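Residues per chain, in single letters:
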Amino acid sequence: MGDTLWMALALMLVFEGLLPFLVPGTWRDTFRRLTELSDGQLRFIGLTSMLIGLLVLLIVRSG
């Protein structure tokens with residue numbers, strides 16, 4: 001279980017680094033716009049992201 005968690009964290013970091021590496025200007029502009037959102041909007045984005053992640057995990061684990 002511990003190894004799987006570390007692999008998931010490593011993969012997340014790889015994905016997180018793709019956009020700043022490939023398109024730094026676009027990533028910077030997007031990040032700047034995100035900082036201007038209200039707390040409620042950011043929470044909604046976070047909740048949506050978590051729910052999509054859980055859905056993907058359920059699909060992968062059931063298949």
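These numbers come from a predicted model, not from an experiment. (Residues numbered from 1 in each chain as written. Predicted model: local features only at pLDDT ≥ 70, side-chain atom pairs only at ≥ 80, totals over all residues. Heavy atoms only, no water.)

Here the focus is the overall build of the chain. In terms of regular secondary structure, the chain is built from three helices and zero strands. Mapped in sequence order, the helices and strands of the chain form the string α-α-α. Taken over the C-alpha trace, the chain has a radius of gyration of 15 Å; the compact-globule value for 63 residues is 11 Å, which it surpasses by more than 25%. With the C-alpha coordinates aligned to their principal axes, the bounding extent of the chain is approximately 35 × 30 × 20 Å. Burial analysis of the chain (63 residues in total) assigns 0% to the buried set. Entry remark: accessible area of the chain is about 6,000 Å², with carbon and sulfur atoms responsible for 73%. Side-chain charges of the chain comprise 5 positive and 5 negative groups, with the mean position of each set lying 3 Å from the other. (Helix = DSSP H or I, 4+ residues; strand = E, 2+ residues; numbered from the N terminus. Rg over C-alpha atoms; globule rule 2.2 N^0.38 Å. Buried < 20%, exposed > 50% of the residue type's maximum accessible area, 1.4 Å probe, protein only. Areas by Shrake-Rupley, 256 points an atom, 1.4 Å probe, with all protein chains shown as cover. Lys, Arg positive; Asp, Glu negative; His and termini not counted. Charge placed at Lys NZ, Arg CZ, Asp CG, Glu CD.)

Helix length check: helix α1 (residues 2-22) (21 residues) gives 31 Å between terminal C-alpha atoms against 30 Å at 1.5 Å per residue, within 8%. The element α1 is barely covered by neighbouring structure, given that only zero of its 21 residues are classed as buried. (Expected span 1.5 Å × (residues − 1).)

Okay, the packing of aromatic side chains next. According to the stated counting rule, one finds one aromatic pair in the structure shown. Ring centres of W27 and F31 lie 5.4 Å apart, and the angle between their planes is 15°; on these two criteria the pair is classed as stacked. In this pair, W27 and F31 are both assigned in helix α2 (residues 24-35), four residues apart and thus about one turn of the helix distant. On the basis of relative accessibility, which here comes to 45%, the residue F31 falls in the partly exposed class. (Phe/Tyr/Trp six-rings, centres within 6.5 Å; stacked < 30°, edge-to-face > 60°.)

That's the geometry; what it means functionally is another story.
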